[in-house]
Amino acid sequence: MNKKAMLLSISLLILLLLTSCGGTNEKVRLTNLRCEYLNNPIGLDTPSPRFTWEYEGETDGFAVSRTEIRVGTDRTNLKPYPAETALAPHTRYYWQVTVWDQDGKRCPPSDLAFFETGKLTAQDWTGRWITDEQDKEYEPAPLFRKTFAVSKEIADARLYIASAGYHEVFLNGERVGDNYLDPGYTHFDKRILYVTHEVTSQIKDGQNVVAAVLGNGWYNIQSKAVWNFETAGWRNRPRMLAELRLTYTDGSVETVATDENWRTATGPYTYNNLYSGDMYDARLEEEGWKTASFDDARWKPALLTEAPAPILTAQQMPGIRITEELKPTAMKAFGDRLYVYSFEKNIAGMPRLKVKGAPGTRITIKHGELLKKDGRLEQGNINVYYHPVKPYEVFQMDVFTLKGTSEEEVFMPSFAYHGFQYVEVESSQPVALTENSLTALFMHSDVEAVGQFSCSDPLLNKIWDATMLAYRSNLHSIPTDCPQREKNGWTADAHIAIDLALLGFDGITVYEKWLNDFIDNQRENGMISGIIPSSGWGFGEWPGPVWDAAMFIIPNALYEYYGDTRCIENLYPTMQTYMEYLRKKEKLNGLLPFGLGDWVYWKATTDNTYTSTAYYYLDNCLMARFASLLGKDPAPYRKKAVHLKDLINQRFFDSQTGIYAEGTQTAQALALYLGLVPEGKEQLVADQLRAVVAGNNHFLDFGLLGSKTVPAMLTRYGYVEDAMKMLKKTEAPSWGYWVETMGYSTLPETWTLSPEFRDASLNHVFMGDVSAWMMNQLAGINHDPADPGFRHIRITPHFVDDLDWARGEYKSVRGLIRSEWKRKDGKVELTVTVPADCRATITVGNQKETVSSGTHTFIY
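Just so it is clear, the structure is predicted and the values come from calculations on it, not from any experiment. Here, residues in each chain are numbered from 1, in the same order as that chain's written sequence. Given that this is a predicted model, residues contribute local features only at a pLDDT of at least 70 and side-chain atom pairs are listed and counted only at 80 or more, while totals for whole chains, interfaces and linings are drawn from all residues. Side-chain calculation: all heavy atoms of the structure are included, whereas hydrogens and water are not.

> Honestly, the overall build of the protein chain in this entry has me stumped. Any pointers?
The way it works is that DSSP assigns letters per residue, a run of H or I at least four long becomes a helix, a run of E at least two long becomes a strand, and they are numbered from the N terminus. Each helix and strand counted, the protein chain has 16 helices and 42 strands in total. For the C-alpha atoms alone, the extent of the protein chain along its principal axes is close to 95 × 80 × 60 Å. Per-residue burial for the protein chain yields a buried fraction of 60% across its 860 residues. If you take every contact in the protein chain between residues at least 6 apart in sequence, the share linking residues at least 24 apart comes to 74%. Exposure was quantified through the Shrake-Rupley algorithm and a 1.4 Å probe, taking into account, for residues, occlusion by the shown protein chains and nothing else. Accessible surface, the protein chain as shown: approximately 32,900 Å² in total, 48% of it carbon and sulfur. For the protein chain, the distance from the average position of its 88 positive side-chain charges to the average position of its 108 negative side-chain charges is 2 Å. With a 1.4 Å probe rolled over the protein chains alone, any residue whose accessible area is under 20% of its type maximum counts as buried; one over 50% counts as exposed, and the rest are partly exposed. We call two residues contacting when some pair of their heavy atoms lies within 4.5 Å. For the charge count, each Lys or Arg is scored as positive and each Asp or Glu as negative, with His and the chain ends excluded. Taken as the charge location is NZ of Lys, CZ of Arg, CG of Asp or CD of Glu.

> So what exactly am I meant to see when it comes to the layout of surface pockets here?
Remark: the empty space left among the atoms is shown by a probe the size of a water molecule rolled over them. Here a cavity is any set of points on a 1 Å grid over the protein atoms alone where a 1.4 Å probe fits but cannot get out, and a pocket is any open set with protein on both sides within 12 Å along at least 5 of 7 lines; a residue lines the site when it has an atom within 4 Å of a point. Grid points are joined across faces, edges and corners, and a volume is the space filled by probe spheres set on the points. For the largest pocket, the calculated volume is near 1,200 Å³. Among the elements that make up the lining of the largest pocket, the one with the highest residue count is helix 13 (residues 704-716) (7 residues). Here the term charged refers only to Asp, Glu, Lys and Arg, the term nonpolar to Ala, Val, Leu, Ile, Met, Phe, Trp, Tyr, Cys and Pro, and the term polar to all other amino acids, Gly among them. Along the lines of polarity and charge, the residues of the lining of the largest pocket split into 24 nonpolar, 13 polar and 7 charged. Lining the second largest pocket are 30 residues, with Leu38, Met317, Pro318, Gly319 and Arg321 positioned closest to its centre. Sorting the residues of the lining of the second largest pocket by element identifies strand 12 (191-198) and helix 5 (508-521) as the ones contributing at least two each. With 5 residues, strand 12 is the largest single contributor of residues to the lining of the second largest pocket.

> Explain the nonpolar core to me, please; I cannot follow it from the model alone.
One recurring pattern in soluble globular proteins: nonpolar side chains tend to sit buried together. As used in this record, nonpolar core signifies buried Ala, Val, Leu, Ile, Met, Phe, Trp, Tyr and Cys residues forming a set joined through side-chain atoms within 4.5 Å. Core analysis: the biggest nonpolar cluster contains 225 residues, and Tyr615 and Trp735 have the highest contact counts within it. Per-element accounting of this core gives the leading share, 11 residues, to helix 9 (residues 608-629). The residues touching Tyr615, leaving out its near neighbours within four places in the chain, are His495, Ile496, Pro545, Val546, Ala549, Ile553, Leu670, Leu674 and Leu705. Grouped together as the second largest cluster of nonpolar side chains are 25 residues, Phe144, Ala212, Leu214 and Tyr248 included.

> Sorry, what's going on with the sheet that holds strand 6 (residues 113-116) here?
Whether parallel or antiparallel, the strands of a sheet pair through hydrogen bonds between backbone atoms. Strands pair, by our definition, only if DSSP identifies at least two bridges between them. Here 4 strands make up an open sheet; going across it, the order is 4-3-5-6 and the pairing antiparallel. Each of the sheet's edge strands pairs with one partner strand only, and the pair in question is strand 4 (79-80) and strand 6. Sheet analysis places strand 3 (residues 64-72) next to strand 5 (residues 92-101), joined by 8 bridges and oriented antiparallel. Paired with Glu68 across the two strands is Thr98, which belongs to strand 5.

> Help me out: how do you make sense of the packing of helix 14 (residues 720-727) against helix 16 (residues 769-779) in this one?
The packing of two helices is summarised by the inter-axis angle and the distance between the axes. Relative orientation of the contacting elements helix 14 and helix 16 amounts to 145°, with a least axis distance of 13 Å. Crossing of helix 14 over helix 16 shows left-handed handedness. On helix 16, the residues touching Val720, Ala723, Met724 and Leu727 of helix 14 are Val770, Trp773, Met774 and Leu778. Here the contact of helix 14 with helix 16 is composed, by residue class, of 8 nonpolar, no polar and no charged. A fitted line through C-alpha atoms represents every axis, and for helices the fit uses only the stretch in contact; the resulting angles, taken between N-to-C directions, go from 0 to 180 degrees. Note: crossing handedness is left-handed where the near helix turns anticlockwise from the far helix by less than a right angle, and right-handed where it turns clockwise.

> When you look at the pairing of strand 30 (residues 418-427) in this model, what are you seeing that I'm missing?
Within a regular strand, side chains alternate between the sheet's two faces. Strand 30 sits mainly inside the fold: 9 of its 10 residues count as buried. Relative to strand 30, strand 24 (residues 338-355) runs antiparallel, the two sharing 8 bridges. Across the sheet, Ser342 pairs through a bridge with Tyr422, a residue of strand 30.

> How should the pairing of strand 14 (residues 239-248) be read in this particular structure?
Most of strand 14 sits inside the fold, with 8 of its 10 residues counted as buried. Of the strand pairs in this sheet, strand 9 (residues 154-164) and strand 14 are connected by 10 bridges, and their pairing is antiparallel. Within strand 14, the position partnered with Ile161 by the bridge is Ala242. Note that strand 14 and strand 15 (residues 253-257) share 5 bridges and pair antiparallel. From the neighbouring strand, Leu244 faces strand 15, where its bridge partner is Val256. Connecting strand 14 to the next strand, strand 15, in antiparallel fashion are 4 residues, including Gly251 with a positive phi near 90°.

> Would you mind showing me how to read unusual backbone geometry here?
One can expect most non-glycine residues to show negative phi and most peptide bonds to be in trans. Going from Tyr81 to Pro82, the amide bond is cis rather than trans, its omega being 10°. Turning to its location among the elements, Pro82 is positioned in the loop between strand 4 and strand 5. Geometrically, the link from Ile532 to Pro533 is a cis peptide bond, its omega value of 0° lying close to zero. Counting through the fold element by element, Pro533 comes out in the loop between helix 5 and helix 6 (544-548).

> Would you mind showing me how to read the packing of aromatic side chains here?
Centre distance and the angle of the planes are the two values used to describe a pair of aromatic rings. Any pair of Phe, Tyr and Trp rings, taking the six-membered ring for Trp, is counted once the centres come within 6.5 Å. Such a pair is stacked with planes under 30 degrees apart, edge-to-face with planes over 60 apart, and tilted for the rest. Across all of its chains, the model carries 46 aromatic pairs by this definition. An aromatic cluster is built from Tyr185, Phe188, Trp218, Tyr219, Trp227, Phe229, Trp234, Tyr275, Tyr385, Tyr386 and Phe395, whose rings are joined through pairwise contacts. We count a charge as sitting over a ring when the NZ of a lysine or the CZ of an arginine lies within 6 Å of the ring centre and within 35 degrees of the ring normal. Between Arg92 and the ring centre of Phe114, over which it is positioned, the NZ or CZ distance is 3.7 Å. The ring centre of Phe170 lies 4.1 Å from the NZ or CZ of Lys290, which sits over that ring.

> What should I look at first to understand the sheet that holds strand 41 (residues 847-851) in this one?
Strand order in the open sheet formed by 4 strands is 35-36-40-41, and the pairing between neighbours is mixed. In this open sheet, the two edge strands, each paired with only one partner strand, are strand 35 (781-783) and strand 41. In this sheet, neighbouring strand axes are inclined to one another by 25° on average, regardless of whether the strands run parallel or antiparallel. In this structure, strand 35 lies alongside strand 36 (residues 792-795), joined through 3 bridges in antiparallel fashion. Residue pairing for strand 36: Ile781 is matched across the bridge by Ile795.

> Honestly, the side chain of Asn179 in this entry has me stumped. Any pointers?
Along the chain, Asn179 falls in the loop between strand 11 (174-175) and strand 12. Looking at Asn179, its side chain comes within polar contact range of the side chain of Asp182, at 2.9 Å. In protein, a polar contact means a hydrogen-donor-capable atom and an acceptor-capable atom, both N or O and within 3.5 Å, with residues adjacent in sequence counting only if both atoms are side-chain atoms; elsewhere, any N or O pair within 3.5 Å suffices. Reaching out from Asn179, the side chain makes a polar contact with the side chain of Arg321 at a distance of 3.0 Å. The residues contacting Asn179, other than those within four sequence positions of it, are Val195, Gln315, Gly319, Ile320 and Arg321.

This is the structure in structure tokens:
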């Protein structure tokens, strides 16, 4: 035996001895294996995928001492990860995890999971972008189709498709996938997303056809509204790029790709616009156009066109899907041509109408959040910003023209969604409709629900439910402000709501996508707009630093909730450029006297120079943190933060009285929340906050900034009962007024609705952080910024006087966290569940206790 072989044998023997000494732990199993935070995803284009998993079984006290991930294309021959070789496109990789516990005992390897790569580089595409001969003002939607033959047995088939504008795709007459409004909204001149579908079961022997229709989406807004999308530089006729990749059982591969050999025409999709709706004339349908047997000789060849953007990347987030179907709670008929439907809650989505009538009968389907006194639809609160010039464009109104057959016809919009609780259906000719004729389809980015709060007070439960419903109604590939009037990605709305968002839903993939839009949005001078994406509207000083802080707050939140720095890494150069932009905007050695502040306040106003400069301070604090995480120099940002803190306190703080700025609820709470208060003065400032709240009979008096900071800071500094008094109000202004007195199922935009119904959506989420407060402070579930990703959990329940019990559950990236307390025999029983390989510190009053994984019960 040579020396090399002898050393290898000795190494193997040592490994075997170590393994045998360590033994095995058969009581813990690995579960919920995810790659890129998705279960068995296909079409990934990241060169270095991220892996997460959870544990189940007897996990009390369980901790991990070693982890091994193995990856490979052969499920029987996996290699340790990270591998030295780069990932290949169009390839399925299997992966498996093995862990060793705190005693060195090996747990059973996980089941196999997989991920599949898509197009990793531009060279992986063989298809060409295609469109038709029409220009961007032409309204009927373009149709495309391509036939192909299959003569061998299919092993698997994937469809990769990108479009500027929305697409709906069919294989042999069957719709592909369950996503709607694909691909997600981006800056179309900078970045386009492609979507991957598994379509093996839809391919058949012999002749096949792939067919598609393209809608305008955000790419080609053809009507006028405040935000000037009709003047967008990216506007053009919708276009698409697609490849159907067929892998046969003999190992050969065939690709059906878009090119000039595809055929194109227009048909029944006569108009579509995100703010008004879809118009579909069933009389223009060509029977069988989605099938292989259709004769498309009269159709024209598709036109080759240029790619709309330099970046083409995978859509690695849940699609927009129908998650719930709602039947009407009431229907009121105004004769046989007009019907009004009511639903139990306010949602984002679309209708599905089933109707039978004469040929050419024109049916309009109009959506809104309110009814007039006579029972007709009221749109006055949401249609204020839509300024169409064409007489047939009506806000949130779909139009369906009947083919007129003996069979019932079914209509669903393809390229629009609406915000509504009420639907008014009007027909040009008599039709007989019933309550079963119309269904409301709730649709949103299909993020998994991971958090739930409940307690003994039904009012608080209603507020939680309304918040979560409003959040889902405002998630359509970007976080939006409202699902009807605007549909815009307002930056402050999103960062104020980020805690309720991540406590309620597994949203990291959506936010990572949206933060890429920040990169694409930024101008050369560093400026970003108040809505993202934007075609040019919302730039300038008026949105300002409070809004722009989303660029820092949301990546920081993703780090704290998931323990993941990738988003910070991606955005860091964009953040640096923005900070230089703000530096050049400074006045008086650091103040920023511009921008929006405590938006939608009740009565008390807070100085916007104070709020803007305060968030500039926060930006620098977070930049220092990010620099440290990335191995860069944090010193310049720390120095700047110290300077700004001193400047703010010199300008806005009265150290004798403890009052900031005007002494409003927001001014006091914000200083505490951001850490601006000089050491030793915190309780004085908090006492003044409590005084101004109590002096207002515990009514709130703030806007979106106060909604996030006031309850939290009252609680932190010993005034949780005062926060509860505010929360339990049912007169205006209050959350209780919304859900109890007014009976709203979602959160409105303003504390009260004007008598003129002007400019006030009833489906906004930006005032909903009070639901995060319930989870954090009543149930007591909190992340630890010092140990992110819930490796260490802070449990801080408050046994408030008005509650008999409270319960919170949160499925973190590391597993399920539960905190529940209830009064029993004059005491309070608290039960806490900590996931495997995690720790928790339970703090109740002055008592603290740290525990490891498992379920623990305490009596107080």
